[in-house]
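Observations on the three-dimensional arrangement
If you want the building blocks of each chain, they are given just below.
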Amino acid sequence: MTGTRPLRSKRRRSALRTAAFMSPWLIGFSVFFVYPLLSTLHFSFTRYDGFRQPVPNGLDNWSYVLTDYPLFWPAMRNTLWLVLVMVTCRVAFGLGVGLLITKIKTAAGIFRTLFYLPYLAPPVAATLAFVFLLNPGTGPVNTLLDAVGLPTPGWFTDADWSKPALTALALWGVGDLMVIFMAALLDVPKEQYEAAELDGAGAWRRFRHITLPNISPIIMFAVVTGVIQAMQYYAQPLVAGKVAAGVIGGSGQQFEPGYPDKSTLTLPQLVYNLGFQRFDYGAACVVALVLFALSMAFTALLMRRRGGLIGAGE
């Protein structure tokens with residue numbers, strides 16, 4: 001018994017020392033994550049307009065958002081489409097560009113710069129440029145397609161083409177993923193490629209059995225961060241919808257997001273629409289919690305599948 005007391009005291013001091021070193025992070029985590037999350041959960045069960053005291057109303061907000069609010073399910077479908085399609089295309093395209101740049105022997109720096117520069121463009125400015133480039137009547141893209149006899153889509157004015165147009169915008173700014181994948185690809189041991197070539201492995205087998213296993217953690221990082229970014233996708237679809245609809249107004253002008261035909265509507269837009277346009281903070285908190293739950297579910301699923309992703313290339 002006597003010998004265990006110094007041991008317990010030593011462990012207690014070690015725990016207190018560790019807590020002291022972690023205290024800045026713990027304080028920041030509590031203030032900027034735990035407290036806002038608990039407040040959002042609390043307000044989701046209240047009727048609150050930001051001016052008067054919140055009044056508890058049970059599950060009324062949840063019932064309204066999930067069953068009566070006409071914009072919720074279109075926004076949910078669009079957000080899931082962007083997560084599944086846009087994130088997949090960005091990761092595949094970024095990896096492809098990274099592979100291409102690593103194979104270029106001449107003027108590789110120029111190509112790296114050209115592919116990375118679009119990522120530095122502000123999202124609003126890039127979206128405005130894309131809307132005008134893809135204008136169905138006067139845009140140079142449709143003019144070129146018409147000149148070679150190809151169909152000319154409506155892009156941001158057509159509900160069937162608005163999300164592919166947003167995906168094209170995301171692919172244009174893929175420079176961040178290109179740089180990450182280039183660093184990972186250049187870190188793959190060359191000895192493994194040389195041994196595979198001696199064994200007669202072709203380009204596809206080298207990519208599948210050497211490249212993929214070595215860069216699979218980077219792919220997982222790109223997918224997880226891409227999913228989180230897609231869940232927060234707000235400025236680009238909102239600006240594209242407003243400009244395509246001809247609504248470029250000043251302050252105080254009301255605009256129902258989602259043009260055309262709710263095809264560019266996303267869940268983050270609903271948080272703003274409900275909270276800051278309709279002053280229904282309780283319903284806005286419900287949408288925010290749905291976004292949080294979806295992000296956690298996708299991240300947990302991807303992390304559980306990480307082993308399968310690594311093993312698939314082996």
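Note: the structure precedes this text.
So, a few notes on the structure that sits alongside this text.

Conventions used here
Residues numbered from 1 in each chain as written. Predicted model: local features only at pLDDT ≥ 70, side-chain atom pairs only at ≥ 80, totals over all residues. Heavy atoms only, no water. Helix = DSSP H or I, 4+ residues; strand = E, 2+ residues; numbered from the N terminus. Rg over C-alpha atoms; globule rule 2.2 N^0.38 Å. Buried < 20%, exposed > 50% of the residue type's maximum accessible area, 1.4 Å probe, protein only. Areas by Shrake-Rupley, 256 points an atom, 1.4 Å probe, with all protein chains shown as cover. Lys, Arg positive; Asp, Glu negative; His and termini not counted. Charge placed at Lys NZ, Arg CZ, Asp CG, Glu CD. Axes fitted to C-alpha atoms, helices over the stretch in contact; angles between N-to-C directions. Parallel < 35°, antiparallel > 145°, perpendicular 65-115°, else oblique. Left-handed = near helix turned anticlockwise from the far one by under 90°. Contact = heavy atoms within 4.5 Å. Nonpolar A, V, L, I, M, F, W, Y, C, P; charged D, E, K, R; others polar. Polar contact = N/O pair within 3.5 Å; in protein donor to acceptor, adjacent residues only side chain to side chain. Salt bridge = Lys/Arg side-chain N within 4 Å of Asp/Glu carboxyl O. Phe/Tyr/Trp six-rings, centres within 6.5 Å; stacked < 30°, edge-to-face > 60°. Lys NZ or Arg CZ within 6 Å of the ring centre and 35° of its normal.

**Overview of the overall build of the protein**
A tally of helices and strands in the protein yields 14 helices and two strands. On C-alpha atoms alone, the protein measures out to a radius of gyration of 25 Å, which is more than a quarter above the 20 Å that the 2.2 N^0.38 rule sets for 314 residues. C-alpha extents for the protein along the principal axes are approximately 75 × 65 × 30 Å. For the protein, with 314 residues in total, the buried portion stands at 37%. Put simply, the protein shows about 18400 Å² of open surface, and 65% of that area lies on carbon and sulfur atoms. The protein carries 25 positive and 16 negative side-chain charges, and their two centres are separated by 16 Å.

**Some words on the packing of helix α12 (residues 267-277) against helix α13 (residues 281-304)**
Contact pair α12 / α13: the axes reach a minimum separation of 7 Å and the direction vectors enclose 160°. By the angle class used here, α12 and α13 are roughly antiparallel. For the pair α12 and α13, the sense of crossing is left-handed. Each of L267, P268, L270, V271, L274, G275 and F276 in α12 lies in contact with α13, whose residues at this interface are Y281, A283, A284, V287, A288, L291 and L294. Its residues assigned to classes, the contact of α12 with α13 shows 13 nonpolar, one polar and no charged.

**Structural notes on the environment of G149**
Position of G149 relative to the elements: it lies in the loop between α6 (140-147) and α7 (162-172). The sequence separation of G149 and K103 amounts to 46 residues, and the corresponding C-alpha distance is 34 Å.

**Remarks on the side chain of T46**
With respect to the helices, strands and loops of the structure, T46 is situated in strand β1 (residues 46-47). Accessibility expressed as a relative area gives 2% for T46, which makes it buried. Reaching out from T46, the side chain makes a polar contact with the backbone oxygen of F43 at a distance of 2.9 Å. Non-local contacts of T46, meaning those with residues more than four positions away in its chain, are made with P54, V55, P56, N57, N61 and G282.

**Re the side chain of S44**
Relative to the assigned elements, S44 resides in the loop between α1 (4-43) and β1. Side-chain polar atoms of S44 contact the backbone oxygen of L41, separated by 2.6 Å. At a separation of 3.5 Å, a polar atom in the side chain of S44 contacts the side chain of W62. Those residues in contact with S44, other than ones at most four positions away along the chain, are G58, N61, W62, G282, C285, V286 and L289.

**Considering the pattern of salt bridges**
Within the structure shown, the criterion is met by two salt bridges. A salt bridge links R52 to D49, with the shortest nitrogen-to-oxygen separation between them at 2.6 Å. Taking the relative accessible area as the measure of exposure, R52 reaches 61% and is therefore exposed. When its relative accessible area of 15% is taken as the criterion, D49 is described as buried. A salt bridge links R90 to D176; its shortest N-O distance comes to 2.9 Å. Of the two residues, R90 is situated in helix α3 (residues 72-103) and D176 in helix α8 (residues 175-186); the sequence distance between them amounts to 86 residues. Here R90 matches D176 in class, with each residue buried.

**Comments concerning the packing of aromatic side chains**
Under the definition given, this model contains 16 aromatic pairs. A centroid spacing of 5.2 Å and a plane angle of 70° characterise the contact between W155 and W161, whose relative ring orientation is edge-to-face. Each member of the aromatic cluster is reached from another via a ring pair, and the members are F43, Y48, Y234, Y272, F276 and Y281. One residue, K163, lies across the ring of W81, its end atom 5.8 Å from the ring centre.

**Thoughts on unusual backbone geometry**
That bond from Y259 to P260 is cis: its omega, 0°, falls within 30 degrees of zero. Of note in the backbone geometry, K262 takes a positive phi value of approximately 65° without being a glycine. Within the secondary structure, K262 sits in the loop between α11 (235-244) and α12. Residue K262 is classed as partly exposed on the basis of its relative accessible area, which comes to 33%. Here the phi dihedral of F279 falls at roughly 55°; this positive angle occurs in a residue that is not glycine. Within the secondary structure, F279 is located in the loop between α12 and α13.

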